[in-house]
Each structure stands twice: as C-alpha cells, then as structure tokens.
Amino acid sequence: MDRHDMLLSPAGVDALRTALTLARFTANGIADRLGPQGTGAVARNDYRAALRATQDRDRLATLIRVFICDQTEPEAVVAAALAPLTVDEALAGGIVERHGDGLRAGVDLEPYGDDWWVLADVPAAARPGRPLHAEHVLGIGGATQTLISAAVRPAVDTALDLGTGSGVQALHLGTHARRVTATDVSERALRFAATTAALNGQDWELLRGDMVAPVAGRRFDLVVSNPPFVVGPGTTTHVYRDSGRVGDAIGAELAAAAPGLLTEGGTMQYLANWVHVTGEDWAERVTGWFAGTGLDAWVIQREVADPMAYVNLWLTDVGESADLQRMAAWLDWFDAHKVEAVGFGIVSLRRSGHDQPVVRVEDLRQRVEPPLGDRIGEWFARQDWLRARDTEGLLAARYRAAEGLQLRQEATMGDDGWAVDRQVLAMPRGLRWSEEIDPLVLALVGGADGRLPLRDQLALLAAAHDVAPDELAEAAGPIVAHLVERGIVEPVTD
C-alpha cells in the first residue's frame, strides 16, 4: 500500500506530529497534567477531574478535552491546539468534525506508550445512536492489550500482523523486527494503519486482502493476529468482529495456514474463540486444529462466557444491544449447535522442526506475572530442553525448586491430631500454577536444591520409602518432565 494512502497528506501527518509533540500530548504528559487521581478517573470514563484541570484551554488542555474527554470546543481554540495542522486539513482527514458551534474529535487519537499515538474510530459508546461503520476501526481494547502482552518479542528479520486494524500490533512489531508487513481486508483500516505508522515514524508494507491471502507463498519469522474471531452463524456486519466464517472456523483456518507462513524456528500467535459443545471436550476440539501441522502448539484459555453474556457483549460493542431480533437469531444458532459456552484465549505456535511436535491445550485463568509473552517464551524454551533429553538425560540433570515456591495444606483434626487431606504446590511468580501432589512428589521437590543429580536424589528417596530405585526412576521421569514444563522445578545449567 502506498505511503500516501493515509487520512492526511504526508505533510499533514508531519504537522499533526509537531502539534502533538509541542503540546506534550503523550501518556506521560497527560498523566502529569491530570495527576494520579484524574488519570485514574479518566480510565473509568469519569472526566470531571480532567475537565476541571483543563479549563485554561492551552494546547494540551484543549487536546485532552477534545480527544480524551470527547468535548466540543470552539474552532479557534482547536485550531491553535492543532497548529501547524490546519483546521481544513484536519476536517478533510476526519481528525475532527463539526458539531454544534464548535469542533469535536472525528477519530480516536490515543496517546500510547511513552511517545506513540494510535488512530482509530471513535468507539460506539462515545456516539450513542450513531451506527458504526461496517469497516469500523477498533481502538486499543482489552483483546488488543491481551495480544500485546502475550506476544513474544525476539529480534527478528520479518514480522507479519494479520488483520492490523489501527496498526497497534504492527507498531510493537516495529520495535524488534527489521521489516513489518501488515494486512487487512478493509481499505479503510489500512488508511488508519498507514497514518498510525507515519505518525510514529515507522514504515510498514501494507497489503489488502482477507487474512493470509495477501501473503500467500511468503514466510515470516513472527506472525501475530487479532483476527475477527467472534463466534456465530457467519453473518458479517462489522469486519473487525465478524470473519464471515461459521462458528469458530477462523481459529482452525489460521492453524492450518500457519505451517506455510512460518520460517524455520518461526512463531505465530493469535487470539481465538472456540465453542464448548454439550457432550464434547473443548480441549480435544481445539487440539484437532493442529493435527498434521507439524507445529508445537500451546493454547491457553483465559476466559469462558455463557451464550447470553457473549451475545450481549458483542452487540453492546457495536451499539446494537437493543436489537432483540439479532440477539434472538444469534442465541438460536447457539442452541441449534448445542453451544453451552464460548472460550477465549491465546494460540501460540512454533515451527520447531521436531518430528513429534508438542501440543498442549489447557486452562490458564489465574493471574500471570506480566508480560505473558515472556512466560510463553520460557514455556517453549523448556520444551526444547525436555526434548533434548531422554529418560537418562532427565535423571542425570540437577534441579532446583522454583523461587518462592509455596506449600499449602488442607488437614482435618481427628483423634490422632491433624490428618493431611490435600497438599498443593503453588507458584507465586511466573505462570502461578497450583499443583496437587502426593507425599513422594513433595519429597522430590523439597529435595530439589540443585546439588544432586535426580538419579542420586531418587536413590535416597527409594531407600527412605523402601522402593526399588529403578521402579522409582521409571515413575519419576514423566513426573519431573511435567514439573519442568510447568516451571515448578528448574534445571540447573551452571
């Protein structure tokens, strides 16, 4: 896509950047102006403190009122705040729009990070009663932030953002990829993305087309995607949300496309929804997406919603919560297909080159130490370590219990005192897994201080519990591999 296909001319983008920089219209600049309480209130859509703090209408105050608090301000005041960008060009590019006796935001111009800005459409909640454009460009929402946090961040040569929308994922890729390609089915979204790129001094290859079609036959070191993953009958009303595929087929489609997109050692990560069908195991359903791909896969389910809550969420998202007919048709489709819930999570795939790929599909709903992308990278690294060792290799290694590992016990008072009913190992850091364990595993983890090879440690345990060492070693192999995978014990490499 040509660099000139933007909301503003190149000179207009430069002028807007100058205006925003002069005003210090950045996340830090706004926080300094509003203070902690005012900034926190704005995050809750409470603008009272912000409006009190911006009554003087200087550059920063005006931009906060227009683009953060969604106020209409006099044209002369807005013109002074946007200079050297002219009001005529700002109106032509849709940056502002006329409203009543003044001007208000025409786009969602969001200061992001230390010194970035992201351009998107004004959200539905800010313009009640005005239908969203079919090619509405979404701003930085919860799903966007989930993928930003979950993405691994290695330095790579080539990176791809499938379904770029406003371009925020590509913006992050530009910090650690030499070349960034971004696609979208919407020409309108690509105009927003091109403007976001130029405003932040980045240069991406922008291609129009449905999902992977524009990059057919090409491979990338890293692929990310926040696709239109919403599950339903396949009706398309808003392209940021609806893929046109029936059910959760977009997730399976991306999994099938991944082998052809990735270089050797490459990683692909995307957000997905999947259905929970009555009488079926959702994890088995999602595991089937990766059959025959030859890729390592780790799928973590972060949320689950019942059909009514799910439909309400997405109708509200586009300002259609009062459309009872649309709601009924959507819920009827769920009923007809025995969908009892919808899961949301992150799919991480890697082309590792191994003959026997590792596929894990599991719940991970606990709070995780951020950023999740670091935890995902560590998980893949642990898989590499495990695959490089057979049982003898596992037994020869030394292990150390994870830092801060906690033991939680449940016990019942009886005639002979406390009887332990249940013992759980809990990780206070990282992925924060909790694992119920038996006394032998507890002894094994408790003795993992990094000094003895596992085989020697097991010999001591075998003697203490009157068990044959070889039998204990055979049983311990899979257990230790699981503990390593979860990060509960860590191999000592020094």
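For the structure itself, consult the block above.
Residues numbered from 1 in each chain as written. Predicted model: local features only at pLDDT ≥ 70, side-chain atom pairs only at ≥ 80, totals over all residues. Heavy atoms only, no water.

Draft legend 1. Molecular detail of the environment of Trp 274. The residue Trp 274 is located in strand β9 (residues 262–277) in this model. C-alpha separation for the pair Trp 274 and Gly 343, spaced 69 residues apart in sequence, amounts to 5.2 Å. Within the local environment of Trp 274, its side chain forms a polar contact with the side chain of Gln 301, the two groups lying 2.7 Å apart. (Helix = DSSP H or I, 4+ residues; strand = E, 2+ residues; numbered from the N terminus. Polar contact = N/O pair within 3.5 Å; in protein donor to acceptor, adjacent residues only side chain to side chain.)

Draft legend 2. Structural view of the layout of surface pockets. Taken as a whole, the second largest pocket encloses approximately 320 Å³ of empty space. Lining the second largest pocket are 16 residues, with Glu 378, Arg 382, Met 427, Gly 487 and Glu 490 positioned closest to its centre. No other element matches the four residues that helix α14 (residues 372–387) contributes to the lining of the second largest pocket. In the lining of the second largest pocket, the residues fall into six nonpolar, two polar and eight charged. (1 Å grid on protein atoms, 1.4 Å probe; cavity = no way out; pocket = protein on both sides within 12 Å on 5 of 7 lines; lining within 4 Å. Points joined across faces, edges and corners; volume = space filled by probe spheres on them. Nonpolar A, V, L, I, M, F, W, Y, C, P; charged D, E, K, R; others polar.)

Draft legend 3. Quick peek at the packing of α14 against helix α18 (residues 469–486). At a closest axis distance of 8 Å, the pairing of α14 and α18 adopts a crossing angle of 150°. What the angle tells us is that α14 and α18 run roughly antiparallel. Touching Trp 379, Arg 382, Gln 383, Trp 385 and Leu 386 of α14 are Ala 481, Val 484, Glu 485 and Arg 486, all from α18. For the contact of α14 with α18, the residue count by class is five nonpolar, one polar and three charged. (Axes fitted to C-alpha atoms, helices over the stretch in contact; angles between N-to-C directions. Parallel < 35°, antiparallel > 145°, perpendicular 65-115°, else oblique. Contact = heavy atoms within 4.5 Å.)

Draft legend 4. Looking closely at the pattern of salt bridges. With the rule as written, the count across this model stands at 38 salt bridges. With a closest N to O distance of 2.9 Å, Asp 32 and Arg 24 form a salt bridge. Overall, Arg 24 belongs to the partly exposed group, its relative accessible area being 40%. Of the charged contacts, one joins Glu 97 and Arg 104 as a salt bridge, the two residues approaching to 2.7 Å between their closest N and O atoms. The network of salt bridges with shared partners includes Asp 70, Glu 97, Arg 104, Arg 127 and Arg 130. (Salt bridge = Lys/Arg side-chain N within 4 Å of Asp/Glu carboxyl O. Buried < 20%, exposed > 50% of the residue type's maximum accessible area, 1.4 Å probe, protein only.)

Draft legend 5. Geometry of the packing of aromatic side chains. The final tally for this structure, using the stated rule, is 13 aromatic pairs. Considering the side-chain rings of Tyr 310 and Trp 330, the 6.4 Å spacing of their centres and the 85° angle between planes classify their relative orientation as edge-to-face. Here Trp 330 lies in helix α13 (residues 324–336) and Tyr 310 lies in helix α12 (residues 307–317), a separation of 20 residues in the sequence. The pair Tyr 310 / Trp 330 is uniform in exposure class, with both members buried. Among the aromatic residues, ring-to-ring pairing joins Trp 274, Trp 282, Trp 289 and Phe 290 into one connected group. (Phe/Tyr/Trp six-rings, centres within 6.5 Å; stacked < 30°, edge-to-face > 60°.)

Draft legend 6. A look at unusual backbone geometry. In this structure, the amide linkage connecting Ala 83 to the following residue, Pro 84, adopts the cis form with an omega of 15°. When you line up the elements, Pro 84 lands in the loop between α5 (75–82) and α6 (87–92). For Arg 24, which is not glycine, the phi dihedral falls at a positive 55°. Locating Arg 24 in the fold gives a position in the loop between α1 (10–23) and α2 (27–43). A positive phi angle, near 60°, is found at Arg 57, a position not held by glycine. Here Arg 57 is to be found in the loop between α3 (48–53) and α4 (59–68).

Draft legend 7. Representation of the environment of Ala 15. For Ala 15, the position within the fold is in helix α1. The spacing of Ala 15 and Glu 435 is 420 residues in sequence and 56 Å in space, taken between C-alpha atoms. With near-sequence residues (within four places) excluded, Ala 15 lies in contact with Leu 82, Pro 84 and Leu 85.

Draft legend 8. Structural context of empty space enclosed by the protein. For the structure on display, the rule yields one cavity of 30 Å³ or more. As a volume, the largest cavity reaches approximately 90 Å³. What lines the largest cavity is simply Val 230, Val 231, Gly 232, Pro 233, Gly 234, Thr 235, Asp 242, Ser 243, Gly 244, Arg 245, Arg 326 and Trp 330. Within the lining of the largest cavity, the residues separate by chemical class into four nonpolar, five polar and three charged.

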